[in-house]
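# Close look at the chain arrangement
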Amino acid sequence: MKGEIKIVVTGPMGAGKTTAINALAGDGAVSTDQGASDEVGEVKATTTVAMDYAEIGLDGDERLRIYGTPGQRRFRYMWEILADGALGFIILVDATRKDPAGDMEIYLENFAPFLEKSGAVIGITKQSAGDDAAAALAERLANRGASWPVLPIDPRRQSDVVVALDALMAVLEFGDACDARLREAP
Amino acid sequence: MPWRLATAGITRQEQSLIQSAVSLYLSGSGWQFSHDPGDADVVIVGPQLRDPGSVARNAVRVRVTDGPCEREETHLRRPVRYRELLRTLRALSSGETVTSDRSGAPGDTILALVHRAIDAGGIHYIDHEAFAPVRIDADAGFYSVFGGRQLPVTYFREPAGRFTASARHRQETAGAWSEPRRLEGLRWTAALHAGGGSLLPPLNPDSVIGLIRWPDFSRLPHAPAHMRLAACLHRRPAALGDVARETGHGKAEVADFINAARELGLVRIEAEAGRRATGRNTQPLGLVSRIRMRLSGLGDHHRGECP
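Residues numbered from 1 in each chain as written. Chains lettered and ligands numbered in written order. Predicted model: local features only at pLDDT ≥ 70, side-chain atom pairs only at ≥ 80, totals over all residues. Heavy atoms only, no water.

## Observations regarding the overall build of chain B
Helix and strand counts for chain B stand at 9 helices and 13 strands. Of all 307 residues assigned to chain B, the portion counted as buried reaches 50%. A total accessible area of about 14200 Å² is found for chain B, and carbon and sulfur atoms account for 48% of it. (Helix = DSSP H or I, 4+ residues; strand = E, 2+ residues; numbered from the N terminus. Buried < 20%, exposed > 50% of the residue type's maximum accessible area, 1.4 Å probe, protein only. Areas by Shrake-Rupley, 256 points an atom, 1.4 Å probe, with all protein chains shown as cover.)

## Quick word on helix H6 (residues 224-235) of chain B
Residues and elements named next belong to chain B. Under the 1.5 Å per step criterion, the end-to-end length of H6 is 18 Å for 12 residues, consistent within 8% with the ideal 16 Å. Counting buried residues along H6, 10 of its 12 residues qualify, which places the element largely inside the surrounding structure. Listed as buried for H6 are Ala225, His226, Met227, Arg228, Leu229, Ala230, Ala231, Cys232, Leu233 and His234. (Expected span 1.5 Å × (residues − 1).)

## A look at the pairing of strand E1 (residues 3-8) of chain B
Residue and element names in this part refer to chain B. Two strands pair when backbone bridges link them, and E1 and strand E2 (residues 31-33) are joined in this way by 3 bridges, in the parallel orientation. Residue Arg4 lies in a different strand from E2, and its bridge partner there is Gln32. Handedness of the β-α-β unit built from E1, helix H1 (residues 12-26) and E2 comes out right-handed. Bridge analysis of E1 against strand E3 (residues 42-45) gives 4 bridges, and the strand direction is parallel. Directly across from Leu5, in E3, lies its bridge partner Val42. (Pairing = 2+ DSSP bridges. Right-handed = clockwise from strand over helix to strand, strands pointing away.)

## Quick word on the sheet that holds strand E9 (residues 164-166) of chain B
Sheet strands line up and pair through hydrogen bonds in the backbone, either parallel or antiparallel. Residue and element names in this part refer to chain B. Taken in spatial order, the 5 strands line up as E9-E6-E7-E8-E10 in an open sheet, and their pairing is antiparallel. For this open sheet the edge positions go to E9 and strand E10 (181-182), each flanked by a neighbour on one side alone. Sheet strands touched by helix H3 (residues 110-120): strand E6 (123-128) and strand E7 (131-137). Its angle to E6, the strand with the most contacts, is close to 165°. (Contact = heavy atoms within 4.5 Å. Axes fitted to C-alpha atoms, helices over the stretch in contact; angles between N-to-C directions.)

## A short note on the pattern of salt bridges
Residue and element names in this part refer to chain A. By the definition in use, this model includes 19 salt bridges over all chains. With a closest N to O distance of 2.3 Å, Arg144 and Glu105 form a salt bridge. Taken together, the residues Arg144 in the loop between helix H5 (133-143) and strand E7 (150-152) and Glu105 in helix H3 (residues 100-110) connect sequence positions 39 residues apart. Linking Arg157 and Asp160 is a salt bridge whose minimum nitrogen-to-oxygen distance equals 3.4 Å. The structure contains a network of salt bridges with shared partners spanning Glu105, Glu109, Arg140 and Arg144. (Salt bridge = Lys/Arg side-chain N within 4 Å of Asp/Glu carboxyl O.)

## Considerations on the side chain of Thr125 of chain A
Residue and element names in this part refer to chain A. Relative to the helices and strands, Thr125 is located in strand E6 (residues 120-125). A residue is classified by how much of its surface remains accessible, and Thr125, at 0% relative accessible area, is buried. Among the polar contacts made by the side chain of Thr125, one reaches the main-chain carbonyl oxygen of Ala15 at a distance of 2.8 Å. Discounting chain neighbours no more than four positions away, the residues touching Thr125 are Ala15, Leu92, Val93, Asp94, Ala95, Ile153 and Pro155. (Polar contact = N/O pair within 3.5 Å; in protein donor to acceptor, adjacent residues only side chain to side chain.)

## Details of a nonpolar patch on the surface
Residue and element names in this part refer to chain B. Taken together, the side chains of Leu24, Tyr25 and Tyr82 make up a nonpolar region of the molecular surface, amounting to roughly 310 Å² of accessible area. Position of Tyr25 relative to the elements: it lies in helix H1. Under the relative-accessibility criterion, Tyr25 is labelled partly exposed at 44%. (Patch = residues over 30% accessible without salt bridge, like charges linked within 9 Å, V, L, I, M, F, W, Y side chains within 5 Å.)

## A few points about the packing of aromatic side chains
Residues and elements named next belong to chain B. All chains considered together, the criterion is met by 13 aromatic pairs over all chains. With 5.2 Å between their ring centres and 80° between their planes, Tyr155 and Phe163 make a pair best called edge-to-face. Across this residue pair, the class does not change: Tyr155 and Phe163 are buried. Ring geometry for Trp214 and Phe217: centres 6.0 Å apart, planes at 85°, overall edge-to-face. Of the residues examined, Trp214 reaches a relative accessible area of 4% and is grouped as buried. (Phe/Tyr/Trp six-rings, centres within 6.5 Å; stacked < 30°, edge-to-face > 60°.)

## Section: the interface of chain A and chain B
Taken together, the contact between chain A and chain B spans 43 residues of the former and 33 residues of the latter. Buried surface at the junction of chain A and chain B, both sides included, amounts to about 3400 Å², of which 63% is carbon and sulfur. A per-residue breakdown of the area chain A buries against chain B is headed by Asp166, Glu173 and Phe174 of chain A, which together make up 22% of the total. At the boundary of chain A with chain B, the tally comes to 2 salt bridges. Put simply, Glu173 of chain A and Arg228 of chain B hold a salt bridge, and the shortest N to O gap is 2.3 Å. Linking chain A to chain B there are 5 residue pairs in polar contact (both at pLDDT 80 or more). When residues of the side of chain A that touches chain B are traced back to their parent elements, those giving at least two are strand E3 (46-57), H5, E7 and helix H6 (158-174) of chain A. With 14 residues, H6 of chain A is the largest single contributor of residues to the side of chain A that touches chain B. Looking at the side of chain A that touches chain B, its residues break down into 26 nonpolar, 5 polar and 12 charged. (Buried area = accessible area lost by both parts, 1.4 Å probe. Nonpolar A, V, L, I, M, F, W, Y, C, P; charged D, E, K, R; others polar.)

## Notes on the confidence of the model for chain B
Residues and elements named next belong to chain B. Averaged over every residue, the pLDDT of chain B is 79; the share at 70 or more is 81%. The secondary-structure element of chain B with the lowest mean pLDDT is helix H2 (residues 82-93), recorded at 75, while helix H8 (residues 251-263) shows the highest, at 94. Complex prediction metrics read pTM 0.69 and ipTM 0.81. (pLDDT = per-residue confidence, 0-100.)

## Details of the nonpolar core
Grouped together as the largest cluster of nonpolar side chains are 112 residues, with contacts concentrated most on Ile136 and Trp214 of chain B. A per-element tally of this core places H6 of chain A first, with 12 residues. Look past the residues within four positions of Ile136 of chain B in its chain and what remains in contact with it is Val114, Ala117, Gly122, Ile123, His124, Ile126, Phe142, Tyr143, Leu183 and Leu186 of chain B. Val22, Ile44, Leu85 and Leu89 of chain B belong to the second largest nonpolar core, which has 18 residues in total. (Core = buried A, V, L, I, M, F, W, Y, C linked by side-chain atoms within 4.5 Å.)

In C-alpha cells, the structure reads:
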C-alpha cells in the first residue's frame, strides 16, 4: 500500500504506543497484543507482536492510517514494513527508563532512511512534574541537527495525541520532507 | 534618508518627551526630530492643532488622544509614555498600522505583576474589580483562580494599573480556589497578550529570532497557528516579517507568539542580523491542511483561554 497516507508511532516497549493509538481511535483501533510470557511479562501484561492500527477519515474516501510498531527489537522486521511510505513518525520515549535519550537514538538510527524523507515528533511519556527529560532529548536532537519537537504527552489523553499529530503536520509543512503527496495543491 | 518627526497641537511636556525619545533612542535607527510639521514624514498631532494646513500633506499622522479612535488610525493614548511611543514609531518604520487602544506601555499588564510575584517568591494575590482573584504560589510554580473560573482573554489585556497585588486575601477560604495550575500557563497567556500585536522590548522587527525548544503544547493553551510558527522558527531563525511571510500569518500573531515563547525562555536572539530568502509558498500544503482540519475535530486541544 505504497500510496496510503500513513503515520507510524514507534518507540520502545512500554512507552505507550498502543495506549496512544487506542486513545486516538477508541473502539476503532485494532491491536495485535498478546500475553507476554517471557521477561516482558515483568514489565507489562501484554505486548504488541505485529502492529497497532487506527484510521481517521479525511475528505471523501481518503483515510489517514496510523500504525503502531511492536516495541521489542525481535519484531523489528515489522518496523521497515510499516515505515515504508510513511508520511511521518511519532517516536514515543518512556521518561522513566534508564536512558530515554539512548532509547530515542535507537529509533532515530533504525528509521534513519525513512526519517530523512519525512519528519518526526518525539513524545516523552510518563514524565513526572519537575522532571525535565524533554530538555535532554531536545538537546540530543539539536546535536543531530534535527529540528523536531519534543513534547511531553500522556498517551491516555486523546488531546495529547492530537497535539503530537498536529505538531507533526507543522514539521512536515516547514521541514525538509520531500514526499510528493505533501506538495499536492490544497 | 532619515524619518523626520514633528509635533503639532500637543502640550509642551508631550513635545519635550517625544523630542528626547527621538534623540535618545531613535536617532540610531534613522529618526530625526524636526520643528517644522510642514516638512515632516510623521507628525504627532493633538487636539490643540489649530491649523491643519501646517502639517505636510503626505505626512503620516499619529493622533494623541484622550478618548477612542478610529480602529485603523495610528494613535497614542494619553498620557504618552516612552515605551508606547517607541513601539509606535518603530512599528511605523516597518510599515505597520498601530491600533493599540491600551493606555499602558506594552508588557505593562498582568504579566508585570506576575513577574513581581515570581521575583518576590512566596504567596501573592492579584485582584481586579471585574475578574476573579488569582493566587500565585511563586515557590511551587502554581497559581489558582478563585471560584475555579477560567480567565478570559480580556483579563490579560487589562493595564497593570487596574490590578492590585497583596500578600493577604480577604477571600482566603478553603475549597474556594481552583486546583493549582502550572504558572507557565499563566505566564504564557499573559505574555501572549502583553504586546498587543507588537514585539516586547528588547525585541524589534529586525531581531533575528530562533526557537530553542518547542513550547509544551500538550500543557499550554494554544491556537493552531502556534504549531506552524513553532515549526518555522525552530527550523531556522528569522525576523518577524520573514516568519509572517513564510507562514502566511499576520505580523501581530507572530509577534504575540514570539513574546509568549520568550517569556518561557524558549527564544534566542541571533547575533547576526540578516534576512533569509524564502521561496516557500505561504499557502498551507494540501494534504497537511486536510489532516489538520480533521484533527481539529478531535480532542479539546485548541484553547484560547488560560487553563
